[in-house]
Amino acid sequence: MSTWEDRTECPDCRGGLQPIKIVDATDRAMGSGVGHVELGFATRDAAQSGVTASIPRAGVVKAKLCSKCGRIFLYSTSTAGGLPVG
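All values reported here derive from a predicted model rather than from experimental measurement.

(A) Here's a closer look at the overall build of the protein. The number of helices and strands found in the protein is zero helices and eight strands. Along the chain direction, N to C, the helices and strands of the protein fall in the order β-β-β-β-β-β-β-β. For the protein, with 86 residues in total, the buried portion stands at 17%. Taking the intrachain contacts of the protein between residues at least 6 apart in sequence as the baseline, contacts between residues at least 24 apart amount to 38%. For the protein, the exposed area adds up to about 6,300 Å²; of that, 54% sits on carbon and sulfur atoms.

(B) Region of the structure containing the environment of Gly15. On the secondary structure map, Gly15 appears in the segment before strand S1 (17-20). Judged by relative accessible area, which is 6%, Gly15 ranks as buried. Along the backbone, Gly15 and Arg71 are 56 residues apart, and their C-alpha atoms lie at a distance of 9.9 Å. Dropping the residues within four chain positions of it, Gly15 is found in contact with Thr8, Glu9, Cys10, Cys66 and Lys68.

Definitions and limits used
Residues numbered from 1 in each chain as written. Predicted model: local features only at pLDDT ≥ 70, side-chain atom pairs only at ≥ 80, totals over all residues. Heavy atoms only, no water. Helix = DSSP H or I, 4+ residues; strand = E, 2+ residues; numbered from the N terminus. Buried < 20%, exposed > 50% of the residue type's maximum accessible area, 1.4 Å probe, protein only. Contact = heavy atoms within 4.5 Å. Areas by Shrake-Rupley, 256 points an atom, 1.4 Å probe, with all protein chains shown as cover.

Take a look at the structure:
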């Protein structure tokens, strides 16, 4: 089985899969988001830092959209911008 990074066909309807970005913002301004960040995930037991209030990421969340049925598939990677996370 191929990885999600390599998939080009929807497993549900066989439509084409296109890479997309799920956009989130750390701040809001003038009716939209600013300071966009790459979505990530943490392990279930990851604790928030008392100094920085951040949670260590275990990887990055990526997404693909089916051009036929509109379903969005999320999958994980362990790199961010080509660099290992963790």
